[in-house]
Amino acid sequence: MKENTEKSRYATKKRGATEVDPIWNLEDVKNMILWFKDREEWDGYLTFMLGILLGRRIGDTMSIKWSDLYYDNGKERNEIRTLKEQKTGKITIMPISKAVFAVIKEYCEHTGVIPSKSINDYVFMTPSKLEWINRKENPVYKKNDLELWCKFLNKDFTEGRKKKIQEDFEKQKEYVTLGEYLYNTVEYDDVLKWQTDGFRKKFKKAADECGITYNVSCHSLRKTFGYISKIIHPGDPNALEILQDIYHHSSPAITSKYIGLSSKRKQMYFEDIGETILKAEQGDTEIRIDDSPVISFKQDDFRKVIKWVIEDNGHSDIEKLNIVLDMADKLRIKYL
C-alpha cells in the first residue's frame, strides 16, 4: 500500500481555496442524474443524489452506513443522528426525506443490495475501504509504534509528516492510543480521499459531457441543496437562518454567499448599471429607482385579501385601497 505524493494521488483535488458554483438549474441536475443512470453508475448515482438531498460534504456522504438510515429491523429512520462530520468532528442531526428512501430503493433494485442484511456496512464500499475494515484486528495497532505502522502499510512518510501525525494525536482527545488514532483517523482519511477522488473524476466527466460550462465540482452538490431550497421557499423570511443552522455557518450572510445568492445579486447589480449606462448613451438619462417595498404573504392570507376585494361592493376605490393596505400590514409575514 505504497503512498504516492499528494499531487499524483489526488490529481483532481486542487490545493488552496477554490470557489465553485451550485448547479444553477434543474435541467442540469436532471441531465447529470441521467448521465449516471444511463451508464448504470449506481454508486455514482446514489452519491450524487444524497449529496443534494442531504447537503453534506462528499466525505461525509461516503461515510454513511446503512444503520444511519435504517433500524436493525429494516424500518426507515426519520433522521440521521450518528454521522460525524469529517471536517468539524461534530455529530450532526439531519432529517431524512421521503426522496432519500425513494432513490435508495431504486439503487437497491439495480444493485441487489438489501440494507437490512448489510446494516452495519458502509453504503459506499470500495476495495480499499474493505481492506481497511479487514485489518482492524491486526496486532500492529496494539504496538502503538509509528515506525512499525509505516512499515506494515509500506508508507514512506517524511519525518515531518510523522512528526505532524504524532502532534495531532497528542492534541486530540477521542482516541486513547496511537494505534487507534492511526487506524481510525489517519488511515480512514486516506481511504476517504481515494474514494472521493474516484467520484470527483466521474462528476467532472458527467458535468463536461452534460455541457455545464460554469465552475462545478462534487462540492457543488452541497451548495445546490441550499440554493434550490432557498429558491423554492421565496416566502419564508427565515429561510437563510434555517440553512445557516443546517450548514453550521456563523451568519446568514455567509450562507447567502456560500449557496450563490450573493453572486447572483452581484450579477444583477452589474447588469442593472450596465443597462442604465447604455440607456444614457442613447439619450435616456433618467435614473429609475425601484424603492417599492416587498411584502410577503402566506398563500391563504393572500387569497383572503383578493377575495375581499372581489366581493366588496360597499366602498369606493380609495377606501378599498386603504383597507387592503391595512389588511396587508396585519397579514404580512413579519421578518425577524
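### Some words on the overall build of the protein chain
- Secondary structure assignment for the protein chain yields 17 helices and two strands.
- In terms of overall size, the protein chain is more extended than a compact globule, its C-alpha atoms giving a radius of gyration of 26 Å where 336 residues would be expected to give roughly 20 Å.
- Once the C-alpha set of the protein chain is aligned to its principal axes, its extents read approximately 90 × 55 × 45 Å.
- The buried share of the protein chain, taken over its 336 residues, is 39%.
- Pairs at least 24 residues apart make up 62% of the contacts formed inside the protein chain by residues separated by at least 6 positions.
- Put simply, the protein chain shows about 21000 Å² of open surface, and 53% of that area lies on carbon and sulfur atoms.

### Here's the deal with the environment of Asn215
- Turning to its location among the elements, Asn215 is positioned in the loop between helix 11 (178-209) and helix 12 (220-231).
- The exposure class assigned to Asn215 is partly exposed, which follows from its relative accessible area of 42%.
- C-alpha separation for the pair Asn215 and Val20, spaced 195 residues apart in sequence, amounts to 5.3 Å.

### Examining the nonpolar core
- One finds Phe48, Leu69 and Trp149 to be the most contacted residues of the largest nonpolar core, which totals 73 residues.
- Broken down by element, this core gets its largest block of residues, 13 residues, from helix 11.
- Look past the residues within four positions of Leu69 in its chain and what remains in contact with it is Ile64, Lys75, Glu76, Arg77, Ile80, Ile96, Phe101, Ile104 and Val123.

### Observations regarding helix 11
- The terminal C-alpha atoms of helix 11, which comprises 32 residues, lie 45 Å apart, in line with the 46 Å expected from a rise of 1.5 Å per residue.
- A bend of about 30 degrees at Tyr188 is the largest found in helix 11.
- Note on helix 11: the residue one or two positions beyond its end, Gly211, has a positive phi of about 80 degrees.

### Notes on the confidence of the model for the protein chain
- Looking at the protein chain as a whole, the pLDDT averages 86, with 90% of positions reaching at least 70.
- The model gives residues 1-14 a pLDDT under 50, and that stretch makes 30 contacts with residues more than four places away or in other chains.

### A short note on unusual backbone geometry
- One non-glycine residue, Glu40, adopts positive backbone phi at about 55 degrees.
- If you trace the backbone, Glu40 turns up in the loop between helix 2 (26-38) and helix 3 (42-54).
- The class of Glu40 is exposed, set by a relative accessible area of 59%.
- Residues other than glycine seldom take positive phi values, yet Asn144 does so here, at roughly 55 degrees.
- Looking at where Asn144 falls in the secondary structure, it is placed in the loop between helix 8 (140-143) and helix 9 (146-152).
- The exposure class assigned to Asn144 is partly exposed, which follows from its relative accessible area of 34%.

### Topic: the packing of helix 2 against helix 11
- For the pair helix 2 and helix 11, interaxial distance at closest approach is 9 Å and the crossing angle is 120 degrees. Relative to helix 11, the element helix 2 lies oblique. Here helix 2 runs over helix 11; the crossing is right-handed. Contact residues: helix 2 offers Met32, Trp35 and Phe36, while helix 11 offers Phe199, Lys202, Phe203, Lys205, Ala206, Ala207 and Glu209.
- Of the residues in the contact of helix 2 with helix 11, the class split is seven nonpolar, no polar and three charged.

### A word on the pattern of salt bridges
- One pass over the structure, following the stated rule, counts 20 salt bridges.
- Taking the shortest distance from any N to any O, the salt bridge between Lys30 and Glu27 comes out at 3.1 Å. Here Glu27 and Lys30 lie together in helix 2, a separation of three residues that amounts to about one turn.
- Of the residues examined, Lys30 reaches a relative accessible area of 39% and is grouped as partly exposed.

### What to know about the packing of helix 10 (residues 159-171) against helix 11
- Put simply, helix 10 and helix 11 touch, their axes get as near as 10 Å, and they point 105 degrees apart. As summarised for this structure, helix 10 and helix 11 are arranged roughly perpendicular, according to the angle between their axes. Residues Arg161, Ile165, Gln166, Asp168 and Phe169 of helix 10 lie in contact with helix 11, whose contacting residues are Leu178, Tyr181, Leu182 and Val186.
- Residues of the contact of helix 10 with helix 11, tallied by class, amount to six nonpolar, one polar and two charged.

### Considering helix 10
- End to end, helix 10 covers 18 Å across 13 residues, agreeing with the expected 18 Å (1.5 Å per residue, within 8%).
- Structurally, helix 10 contributes buried residues whose contacts are with helix 9 and helix 11.

Conventions adopted
Residues numbered from 1 in each chain as written. Predicted model: local features only at pLDDT ≥ 70, side-chain atom pairs only at ≥ 80, totals over all residues. Heavy atoms only, no water. Helix = DSSP H or I, 4+ residues; strand = E, 2+ residues; numbered from the N terminus. Rg over C-alpha atoms; globule rule 2.2 N^0.38 Å. Buried < 20%, exposed > 50% of the residue type's maximum accessible area, 1.4 Å probe, protein only. Contact = heavy atoms within 4.5 Å. Areas by Shrake-Rupley, 256 points an atom, 1.4 Å probe, with all protein chains shown as cover. Core = buried A, V, L, I, M, F, W, Y, C linked by side-chain atoms within 4.5 Å. Expected span 1.5 Å × (residues − 1). Bend = angle between axes of the 7 residues up to and from the residue. pLDDT = per-residue confidence, 0-100. Axes fitted to C-alpha atoms, helices over the stretch in contact; angles between N-to-C directions. Parallel < 35°, antiparallel > 145°, perpendicular 65-115°, else oblique. Left-handed = near helix turned anticlockwise from the far one by under 90°. Nonpolar A, V, L, I, M, F, W, Y, C, P; charged D, E, K, R; others polar. Salt bridge = Lys/Arg side-chain N within 4 Å of Asp/Glu carboxyl O.

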